[in-house]
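If you want the building blocks of each chain, they are given just below.
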Amino acid sequence: LGSQPNHSSLIVLPTPSPSPKVRGTHPDCSIVLHFQEREAECQERIRSERQSPAFPRQGGCPTEWDGVSCWPALPPGQARAVACPDIPHVFKESEGLIQRNCTEQGWSLPSPPYHSACQLETLGSSNDTEATARHFVTMKVLYTCGYSTSLAALLLAIGIFSCFRKLHCTRNSIHIHFFTSFVLRGCAVFVKDGVLFSDESIDHCTMSTVTCKAAIAFFQYSVLANFCWLLVEGLYLQTLLLLTFTCDRSYTWGYILIGWGVPMATVGVWVLTRLQYDNHGCWDDYSSPYWWVIKAPILLAIFVNFLIFLNVTRMLAQKIWCPDLSRTHKQQYLRLTKSTLLLIPLFGVHYVVFALFPEHVGVDARLYFELVLGSYQGFLVALLYCFLNGEVQAEIRRNWGKWQRSMESNVFNLATQDFTA
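Residues numbered from 1 in each chain as written. Predicted model: local features only at pLDDT ≥ 70, side-chain atom pairs only at ≥ 80, totals over all residues. Heavy atoms only, no water.

Here we look at the UniProt feature "transmembrane region" (unreviewed entry) in the protein chain
Here is step 1: On the UniProt side, "transmembrane region" (unreviewed entry) is annotated at positions that read residues 141-164, 218-245, 252-272, 292-312, 333-356 and 368-388 here.
Here is step 2: Regarding residues 141-164, the helix share stands at 96% and the strand share at 0%, and the terminal C-alpha atoms are separated by 35 Å.
Here is step 3: As annotated, residues 292-312 has a helix share of 100% and a strand share of 0%, and its two end C-alpha atoms lie 29 Å apart. (UniProt positions renumbered as here; feature names shortened; annotations may be inferred. Helix = DSSP H or I, 4+ residues; strand = E, 2+ residues; numbered from the N terminus.)

A word on helix 6 (residues 252-277)
Here is step 1: Relative to the 38 Å expected for 26 residues at 1.5 Å per residue, helix 6 spans 37 Å between its end C-alpha atoms, a close match to the ideal helical length.
Here is step 2: The principal kink in helix 6, of about 35°, is found at Gly 261, preceding the proline Pro 263 by one to four residues. (Expected span 1.5 Å × (residues − 1). Bend = angle between axes of the 7 residues up to and from the residue.)

Here we look at the environment of Pro 289
Here is step 1: Along the polypeptide, Pro 289 turns up in the loop between helix 6 and helix 7 (292-320).
Here is step 2: A relative accessible area of 46% places Pro 289 in the partly exposed class.
Here is step 3: Sequence separation between Pro 289 and Asp 278 is 11 residues; the distance between their C-alpha atoms is 9.5 Å. (Buried < 20%, exposed > 50% of the residue type's maximum accessible area, 1.4 Å probe, protein only.)

Focus: the environment of Gln 238
Here is step 1: Within the secondary structure, Gln 238 sits in helix 5 (residues 210-242).
Here is step 2: For the pair formed by Gln 238 and Met 315, sequence separation is 77 residues and the distance between their alpha carbons is 8.9 Å.
Here is step 3: If we skip the residues at most four places from it in the chain, Gln 238 touches Ile 308, Asn 311, Val 312 and Met 315.
Here is step 4: At 2.5 Å, the side chain of Gln 238 forms a polar contact with the side chain of Asn 311. (Contact = heavy atoms within 4.5 Å. Polar contact = N/O pair within 3.5 Å; in protein donor to acceptor, adjacent residues only side chain to side chain.)

Right, here's the structure in full:
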């Protein structure tokens, strides 16, 4: 919406090219897209009238779009009144009437003007706008630091699990896939920011390019894969407890199918659905009903993980309190389960809470949890599964000691050679 006019009788609105019917819109763009939709309908009506044989070639006022309302055609000397657009964030009054007369010179100016009859909402002051801009800049800096820290920690953790041969096992292989999903998620955030917000002159409300849609699809895939690999972590933990630490490698391909295949199929269905039924904008409108194609599998993964959390807790309590179980086995169960039992509720609770409310409710809190706090989840995962892992620490100390002894031996040999020479 343009700035509020003081003396003009018209409100100047952005008039981008017409677009298909909008089903779901981002809250910040809903106003622009509402008027864009109304304009498209009005322009279609104008084209139909011009193609009609009954269209008057001389005299009268043709159908006209004035940037706010569509005025149907009138013969000379008549007047027409329309109601204020019912848009709560723009106009305070929706029952006010604006009138225009059809004169020999054409349509008269709206009387009374829109800003008088409909009472425009008071726009935020420049200080409020600057404060909001600073708030989002600060938030972007915070989540950029968070994702950068997480990426560094995750790549180091992947390197540790890959380099030390004694750490090669099904459990750590699943951890590597889980870490990789976080790496993809962090990269997807940076790619999305680079595509959507690199140029401030771009109209994000009407932006609809293949590049931006691909960036959003990649982001949705990484998020869904992230939750699927968290589900795999829970499934693997429960399998180990049920099989009493008997690791069956035949499950590995099934885990890979769940972690990478299910997100690929889901995002593929979502992309085809958006292309067919809702191909507008940049596909980042979470109020679209087709967003449930992505949202439903995530909620299902969280729900299944919560059931696993309850079941593993029950099984763990039974095994720990079993009098026949040795102290060594009890410590082994506790060490195995503590990380996953902590991550399952940590990753799912806030998502479920926000999923129960519409997308426009609690936007600030949602952004803070999903962007700022969520950006450090990868670092937390690397910390719990790798850096605080006793097995990993022991292997690092063993190799560090071996390297030190090798260096001391080389220095001694070099010094001995110099001395004997």
